[in-house]
Amino acid sequence: MRLVSVLCLMALCISSVAMADPANVEPKDWSFNLQGREIIPEQEPNDTCPGQQMACGDVIEPGYLDPSTFDWFQFEVAVAGTWLTIGIDSYNGSSWDSYLELYADDCTTMIASDDDSGPGLFSLISNFVTTYAGTYNIKVRGFGSGGGDYRMFVTCSEPIPPPENDTCDGAIPIEPCTSGTIVGDLTYATNDYSPTNGCTGYSANSKDVVYLLAATAGDIIDITYTTPEYDGSIYILSDCGDMNSCVIGEDDPEPEHFVWNVGSTGTYYLIADGYSTNAGGPFTIDFVWTCTVPPTEEACCFPDGSCQMLLADRCIEAGGEPMGEGTTCDTVYCEIVPANQTTWGQIRSNYR
């Protein structure tokens, strides 16, 4: 299924209340601490972008949205990877259905939006990770004919380093021939990979992390990928530098599941990913890795009495007689077969 995802941290996320009549919405407090912030009243005109200038940490109070217009605000982010949280709340008891949109510096590229994730029918863009340092623009509008008094705040948090297996260079190995459950989280990861050869049926533009598979031809690897907070996508690459090298993957239904019969021995990369742009959150990977035990060489007796260590099939192809699994040329005695004898005769084992 295709989901529109807005990231939130459990400690900060506030669930929305979906109600048909804004007049019946019960007000509730933010879990964000707005004390000690710079309070700035809205200044008209700010109906177009770029709008009113503000800074990270500021609170716009009071603000008023005419239902027939938009309110625009502009602020700067110093470091790429900064976490933005932008919220709208009631002011003077107001209650209306707001809508928040976050735009890039060109005022036209919308990069995040939200309707009802804040208190009542107010909006919250929670912990959006910036992709560049520079100018960002906020557009406040009503949903439908919504409008009225409001307060709005912007929080900018320090970047948090991505996990060690954010890219293939730091891929975490999965032990071959084992089974178990991997518990992970894409919240602080970055979006590095998306297959382009259609092996999942969709693009994969969420954050992602990587696991290393040193697989042998004939192995069978069973994968189940569960993502409670976003639309998951999981796939295997043979080359992290080539997005056409996806050998198998799945996106839909939830949870994603596939069974891979390994065709060629090599190093592969399991990518835990998702569909929606920059989505992420907790996940689990349940895996069962069944290894096929390769055949081993055994003693092979030839008519001239000689012995070689060969695979059974190769022994027969070469005109010899395989002596059985676990035998060696030191533990068997190969008799010479006379030229006029059509059968091997007795070959005696000589265990020493």
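Residues numbered from 1 in each chain as written. Predicted model: local features only at pLDDT ≥ 70, side-chain atom pairs only at ≥ 80, totals over all residues. Heavy atoms only, no water.

## Comments concerning the overall build of the protein chain
Part 1 of the argument: Looking only at helices and strands, the protein chain features one helix and 22 strands.
Part 2 of the argument: Within the protein chain, buried positions represent 44% of all 352 residues.
Part 3 of the argument: Considering only contacts in the protein chain between residues 6 or more positions apart, those separated by 24 or more positions represent 71%.
Part 4 of the argument: Accessible area for the protein chain stands at about 17,000 Å²; split by element, carbon and sulfur atoms hold 52% of it. (Helix = DSSP H or I, 4+ residues; strand = E, 2+ residues; numbered from the N terminus. Buried < 20%, exposed > 50% of the residue type's maximum accessible area, 1.4 Å probe, protein only. Contact = heavy atoms within 4.5 Å. Areas by Shrake-Rupley, 256 points an atom, 1.4 Å probe, with all protein chains shown as cover.)

## So, the pairing of strand E4 (residues 71-77)
Part 1 of the argument: Within E4, six of the seven residues are buried, leaving the element largely enclosed by the surrounding structure.
Part 2 of the argument: Across two bridges, strand E2 (residues 52-53) lies against E4 in parallel orientation. Note on E4: the bridge partner recorded for Gln53 is Gln74.
Part 3 of the argument: Note that E4 and strand E9 (residues 134-142) share seven bridges and pair antiparallel. Its bridge partner lying in E9, Trp72 is registered against Lys139. (Pairing = 2+ DSSP bridges.)

## As for the packing of aromatic side chains
Part 1 of the argument: In the structure shown here, the tally under the stated rule is 10 aromatic pairs.
Part 2 of the argument: Where Tyr202 meets Tyr275, the ring centres are 6.0 Å apart and the plane angle is 80 degrees; that geometry is what we call edge-to-face. You can see Tyr202 sitting in the loop between strand E12 (179-185) and strand E13 (209-215) and its partner Tyr275 sitting in the loop between strand E18 (266-274) and strand E19 (282-290), a full 73 residues away along the chain.
Part 3 of the argument: Taking the centre distance of 5.7 Å and the plane angle of 55 degrees together, the rings of Tyr225 and Phe283 count as tilted. With Tyr225 in strand E14 (residues 220-226) and Phe283 in strand E19, this pair connects stretches of sequence that are 58 residues apart. There is no split in this pair, since Tyr225 and Phe283 are both buried.
Part 4 of the argument: The cationic tip of Lys139 hangs over the ring face of Phe70; the distance from NZ or CZ to the ring centre is 3.9 Å.
Part 5 of the argument: Between Arg141 and the ring centre of Tyr99, over which it is positioned, the NZ or CZ distance is 4.0 Å. (Phe/Tyr/Trp six-rings, centres within 6.5 Å; stacked < 30°, edge-to-face > 60°. Lys NZ or Arg CZ within 6 Å of the ring centre and 35° of its normal.)

## Structural notes on the confidence of the model for the protein chain
Part 1 of the argument: Per-residue confidence for the protein chain averages 87 on the pLDDT scale, and 87% of its residues sit at or above 70.
Part 2 of the argument: A low-confidence stretch, residues 1-28 stays under pLDDT 50, and its non-local contacts, those more than four residues away or across chains, total 70 contacts. (pLDDT = per-residue confidence, 0-100.)

## Points about unusual backbone geometry
Part 1 of the argument: Each neighbour pair has its own omega, and for Glu44 with Pro45 the value is 0 degrees, a cis peptide bond.
Part 2 of the argument: Tracing the sequence through the fold places Pro45 in the loop between strand E1 (39-40) and E2.
Part 3 of the argument: Backbone torsion omega between Glu61 and Pro62 reads -5 degrees, so that peptide bond is classified as cis.
Part 4 of the argument: Within the secondary structure layout, Pro62 lies in strand E3 (residues 59-65).
Part 5 of the argument: Positive phi, normally seen in glycine, also occurs at Asp252, with a value near 85 degrees.
Part 6 of the argument: The backbone of Asn278 shows a phi angle near 60 degrees, a positive value even though the residue is not glycine.
Part 7 of the argument: Looking at the element boundaries, Asn278 is found in the loop between E18 and E19.

## Quick look at the sheet that holds E12
Part 1 of the argument: Taken together, four strands build an open sheet; the order of strands is E12-E19-E14-E17 and the sheet is antiparallel. Both edges of this open sheet fall to E12 and strand E17 (256-261), since each of them pairs with a single strand only. In this sheet, adjacent strand axes meet at a mean angle of 15 degrees when their direction is disregarded.
Part 2 of the argument: As defined by bridge partners, E14 adjoins E17 across six bridges and the pair is classed as antiparallel. Counted as the bridge partner of Thr224 is His257 from E17. (Axes fitted to C-alpha atoms, helices over the stretch in contact; angles between N-to-C directions.)

## Some details on the sheet that holds strand E20 (residues 298-301)
By way of backbone hydrogen bonds, the strands of a sheet pair with one another, either parallel or antiparallel.
Part 1 of the argument: Spatially, three strands are ordered E21-E20-E22 in an open sheet, and the strand pairing comes out antiparallel. Whereas interior strands pair on both sides, the edge strands pair on one side only; in this sheet they are strand E21 (307-310) and strand E22 (321-322).
Part 2 of the argument: Bridging between E20 and E22 involves two bridges; their strand directions are antiparallel. In the sheet register, Cys300 faces E22, and the bridge partner there is Pro322.

## Overview of the state of the cysteines
Structurally, a disulfide amounts to a covalent bond that connects the sulfur atoms of two cysteines.
Part 1 of the argument: Per the stated rule, a full pass over the model turns up eight disulfides.
Part 2 of the argument: For Cys307, the disulfide goes to Cys329, at an S-S distance of 2.1 Å. Linking Cys307 and Cys329, the disulfide has an S-S dihedral of approximately -85 degrees and is accordingly described as left-handed. You can see Cys307 sitting in strand E21 and its partner Cys329 sitting in the segment after E22, a full 22 residues away along the chain. (Disulfide = S-S within 2.5 Å.)

## Description of the pairing of strand E8 (residues 124-129)
Part 1 of the argument: Burial of E8 is extensive: six of the six residues sit out of reach of the surface.
Part 2 of the argument: Across four bridges, strand E5 (residues 83-89) lies against E8 in antiparallel orientation. Paired with Gly87 across the two strands is Leu124, which belongs to E8.

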